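Listed below are the residues making up each chain.
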2 protein chains.
Amino acid sequence: MRIAVLGTGVVGRTLGSRLVELGHQVRLGSRSAGNASAAEWAAADGAEASAGDFADAAAFGEVVLNCTSGTASLEALEAAGAANLAGKLLIDVANPLDFSQGFPPTLTVCNTDSLGEQIQRAFPEARVVKALNTINCAVMVDPDRVPGDHVLFMCGDDLDAKRETLSLLGELGWPAERVVDLGDIGGARGMEMYLPLWLRIMVGRGNADFNVRLAHG
Amino acid sequence: MRIAVLGTGVVGRTLGSRLVELGHQVRLGSRSAGNASAAEWAAADGAEASAGDFADAAAFGEVVLNCTSGTASLEALEAAGAANLAGKLLIDVANPLDFSQGFPPTLTVCNTDSLGEQIQRAFPEARVVKALNTINCAVMVDPDRVPGDHVLFMCGDDLDAKRETLSLLGELGWPAERVVDLGDIGGARGMEMYLPLWLRIMVGRGNADFNVRLAHG
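The following refers to the structure shown.

**What about the packing of helix H4 (residues 73-80) of chain B against helix H6 (residues 115-122) of chain B?**
All names here are of chain B.
Next up, step 1: Taken N-terminus to C-terminus, the directions of H4 and H6 make an angle of 25°; their axes are 10 Å apart at the nearest point. Considered as vectors, H4 and H6 are oriented roughly parallel to each other. Relative to H6, H4 is oriented so that their crossing is right-handed. Taken together, the residues of H6 that come into contact with H4 (itself represented by Ser 73, Leu 74 and Leu 77) are Leu 115, Gln 118, Ile 119 and Ala 122.

Following this line, the structure appears as structure tokens:
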């Protein structure tokens with residue numbers, strides 16, 4: 001499958017590399033076509049890895065992963081272009097974390113809205129699914145580095161988009177029974193507002209190799 | 001031990017009853033001394049159960065549990081009186097959920113502040129520990145109704161207050177290894193902002209008999 005990964009940070013590069021390993025063609029998108037980090041990634045990851053600007057990557061992808069900084073996501077997707085996103089599954093991995101005042105960061109949107117909802121509203125023809133934002137990227141692509149049947153959350157308005165997301169998550173090592181569907185895209189509020197708790201646990205543990213499991217009666 | 005439980009809703013009554021069963025003297029506090037719900041609870045729960053207004057209950061308790069609605073907590077604690085809280089362990093169980101616009105509720109404070117922090121600031125001589133707010137009250141007093149080593153979170157500025165909280169949580173069935181200390185009272189942001197995710201999971205499952213476990217590498 002042709003996959004656009006928007007964002008050249010560690011999340012985008014980690015997901016992009018794993019998707020290439022899994023046999024996909026991946027184009028890493030950045031603000032400017034000449035992004036050094038993206039070019040280096042593409043050169044190292046073989047023939048199926050390429051780099052381009054946001055619009056180029058989005059046009060290339062049958063599926064688009066938003067791995068940009070949450071504070072820059074709407075701008076990045078604007079640059080990608082609504083026409084290049086229309087009809088496509090857009091998996092939003094980003095968290096709207098503002099580190100400008102130091103650690104811990106605050107959320108730039110929460111409580112009555114979320115980044116996932118903002119993206120779906122701004123790009124109504126994209127089929128947005130929020131997923132993967134509740135774990136570190138090392139765990140995203142290698143769930144077994146954390147033992148046990150820990151879970152991911154997922155939400156979105158389009159049922160087919162969620163089925164396609166489940167399929168892609170399955171390839172990454174997340175079987176469907178470990179993906180909790182939180183319903184419509186409004187579930188992104190809870191998924192993003194979980195980050196302050198995640199960050200506190202991370203600080204307490206001293207590493208990001210953890211996740212939650214669900215226990216139920 | 002003499003314990004004040006502020007709030008006569010299902011959380012306060014459930015915790016109060018279990019603490020009486022465990023051999024504590026419990027006074028349920030409400031806005032007005034003649035609260036019918038509190039009187040009924042006290043009559044049904046035996047000689048060690050009593051009822052009073054917020055100030056009466058807080059004066060009685062060696063430990064105070066805030067089980068009022070989060071939107072009314074600061075007012076309730078004001079009525080309880082700073083002098084009656086000074087030096088005492090004050091366990092804040094409340095969530096600042098505003099249901100006035102329907103379901104799902106929003107948080108009246110989040111992101112850059114939390115109810116737990118507001119309470120600690122308003123009552124600097126109380127030793128505030130945030131705990132128990134991340135689960136349903138049936139699970140609070142009977143953790144085994146959900147199988148597995150699922151966890152509670154806890155935070156607060158006073159280390160002795162957290163040790164005393166651990167002891168009380170142990171009596172309720174939560175061993176110390178299942179209580180995750182998130183550090184200072186600022187951790188209340190994450191604990192309260194987790195509620196939108198909890199509520200989505202609850203709606204999806206159709207019941208509140210669940211909790212999270214931590215999986216780590």
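**Here's the deal with the pairing of strand S8 (residues 127-131) of chain A**
Residue and element names in this part refer to chain A.
Next up, step 1: Judged by how many residues are buried, S8 sits mostly within the fold: 5 of 5 residues are covered.
Next up, step 2: On S8, burial covers both faces: Arg 127, Val 129 and Ala 131 on one face and Val 128 and Lys 130 on the other are all buried.
Next up, step 3: Pairing between strand S5 (residues 89-92) and S8: 4 bridges, direction parallel. The residue of S8 that forms the bridge with Leu 89 is Arg 127.

**Let's talk about the relation of the copies chain B and chain A**
Mapping between the two copies of the chain is achieved by a rotation about an axis and a shift along the axis.
Next up, step 1: Take chain B, turn it by 180°, move it 0.0 Å along the axis, and it overlays chain A with an RMSD of 0.0 Å. The relationship between the two copies is best expressed as a two-fold rotation axis.

**Quick notes on the sheet that holds strand S2 (residues 25-30) of chain A**
Residues and elements named next belong to chain A.
Next up, step 1: Across the sheet, 8 strands lie side by side as S3-S2-S1-S4-S5-S8-S9-S10; this open sheet has mixed pairing. Strand pairing shows two members of the sheet lacking a second neighbour, strand S3 (49-53) and strand S10 (179-181), which therefore form its edges. Across this sheet, the average inter-strand angle for adjacent strands is 25°, counted without regard to direction.
Next up, step 2: Where S8 lies against strand S9 (residues 152-156), 3 bridges are found, and the strand directions are antiparallel. Bridge assignment links Ala 131 to a residue of S9, and that residue is Met 154.
Next up, step 3: This element, helix H8 (residues 159-171), spans strand S1 (2-6), strand S4 (63-66), S5, S8, S9 and S10 of the sheet and lies at about 45° to S8.

Analysis parameters
- Residues numbered from 1 in each chain as written.
- Chains lettered and ligands numbered in written order.
- Predicted model: local features only at pLDDT ≥ 70, side-chain atom pairs only at ≥ 80, totals over all residues.
- Heavy atoms only, no water.
- Axes fitted to C-alpha atoms, helices over the stretch in contact; angles between N-to-C directions.
- Helix = DSSP H or I, 4+ residues; strand = E, 2+ residues; numbered from the N terminus.
- Parallel < 35°, antiparallel > 145°, perpendicular 65-115°, else oblique.
- Left-handed = near helix turned anticlockwise from the far one by under 90°.
- Contact = heavy atoms within 4.5 Å.
- Buried < 20%, exposed > 50% of the residue type's maximum accessible area, 1.4 Å probe, protein only.
- Pairing = 2+ DSSP bridges.
- Least-squares fit on C-alpha atoms with pLDDT ≥ 70 in both.

Nothing here speaks to function; it is geometry throughout.
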